[in-house]
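What the coordinates show
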Amino acid sequence: MMKFVIIQCVKAYHPELEKIFKAIKINAYSEMDVEGFMEQADGTTDFSNWFAASKNPYNYMVSFMFLADDKADKLLERIDEFNHTVEGMSPINAYIVGVEKFV
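Residues numbered from 1 in each chain as written. Predicted model: local features only at pLDDT ≥ 70, side-chain atom pairs only at ≥ 80, totals over all residues. Heavy atoms only, no water.

Regarding its fold elements, the protein presents 2 helices and 5 strands. Ordered by position from N to C terminus, the α and β elements of the protein give β-α-β-β-β-α-β. Evaluated residue by residue, the protein yields a buried proportion of 32% over its 103 residues. Restricting the contact set of the protein to residue pairs at least 6 apart, pairs at least 24 apart contribute 74%. (Helix = DSSP H or I, 4+ residues; strand = E, 2+ residues; numbered from the N terminus. Buried < 20%, exposed > 50% of the residue type's maximum accessible area, 1.4 Å probe, protein only. Contact = heavy atoms within 4.5 Å.)

Scored by pLDDT, the protein comes out at a mean of 84, with 81% of its residues at no less than 70. Note that residues 47-54 has pLDDT below 50 and, in this model, 28 contacts with residues that lie over four places away or in other chains. (pLDDT = per-residue confidence, 0-100.)

So, about unusual backbone geometry. With a phi close to 60°, Lys 25 is a non-glycine residue in the positive phi region. Mapped onto the elements of the fold, Lys 25 is located in the loop between helix H1 (14-23) and strand S2 (30-38).

So, on to helix H2 (residues 69-83). Over its 15 residues, H2 extends 21 Å from the first C-alpha to the last, a length consistent with the 21 Å expected when each residue adds 1.5 Å. Within H2, burial applies to Ala 72, Leu 75, Ile 79, Phe 82 and Asn 83. Each buried residue of H2 sits inside an arc of 100° when the element is viewed along its axis, so together they form one side. Next to the buried residues of H2 lie strand S1 (2-10), H1, strand S4 (58-68) and strand S5 (93-98). (Expected span 1.5 Å × (residues − 1). Arc of directions from axis to C-beta.)

The subject of this paragraph is the packing of H1 against H2. For any two helices packed against each other, the geometry comes down to the angle between their axes and how far apart the axes lie. Relative to each other, H1 and H2 sit at 145°, their axes nearing to 10 Å. Two packed elements cross with a definite hand, and for H1 against H2 that hand is right-handed. The residues of H2 that touch H1, namely those facing Glu 16, Leu 17, Ile 20, Phe 21 and Ala 23, are Leu 75, Arg 78, Ile 79 and Phe 82. The residue inventory of the contact of H1 with H2, partitioned by class, reads 7 nonpolar, no polar and 2 charged. (Axes fitted to C-alpha atoms, helices over the stretch in contact; angles between N-to-C directions. Left-handed = near helix turned anticlockwise from the far one by under 90°. Nonpolar A, V, L, I, M, F, W, Y, C, P; charged D, E, K, R; others polar.)

Bringing the nonpolar core into the picture now. Grouped together as the largest cluster of nonpolar side chains are 20 residues, with contacts concentrated most on Ile 7, Met 65, Leu 75 and Ile 92. Of all elements in the fold, only S1, H1, S4 and H2 reach the threshold of two or more residues within this core. Looking at which element gives the most residues to this core, the answer is S4, with 5 residues. Contacts of Ile 7, omitting those with residues within four sequence positions, involve Leu 17, Phe 21, Met 61, Val 62, Ser 63, Met 65, Leu 75, Ile 79, Ile 92, Asn 93 and Ala 94. (Core = buried A, V, L, I, M, F, W, Y, C linked by side-chain atoms within 4.5 Å.)

Written out as structure tokens, the structure is:
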């Protein structure tokens, strides 16, 4: 089964994310620059690391791709390993979504 993988990454960590892609041979993916905002970024919400306050937008990249189960799992493992090596407020966030049908 194919999985749809969505990754949110601050631009400062993007070179490391690209190294992860190369290491596990992810050859096809899409990316876009995103500027996120949050009405109340006070550090007390679950999304405090995702978006910044409207006065200081949070600039990051969103990458997305379709991968086989095993490769999607390996990607999240490698991202988790990377996140344990950094002490920043904004780890790389990754999500796997199942693809039920495609043509």
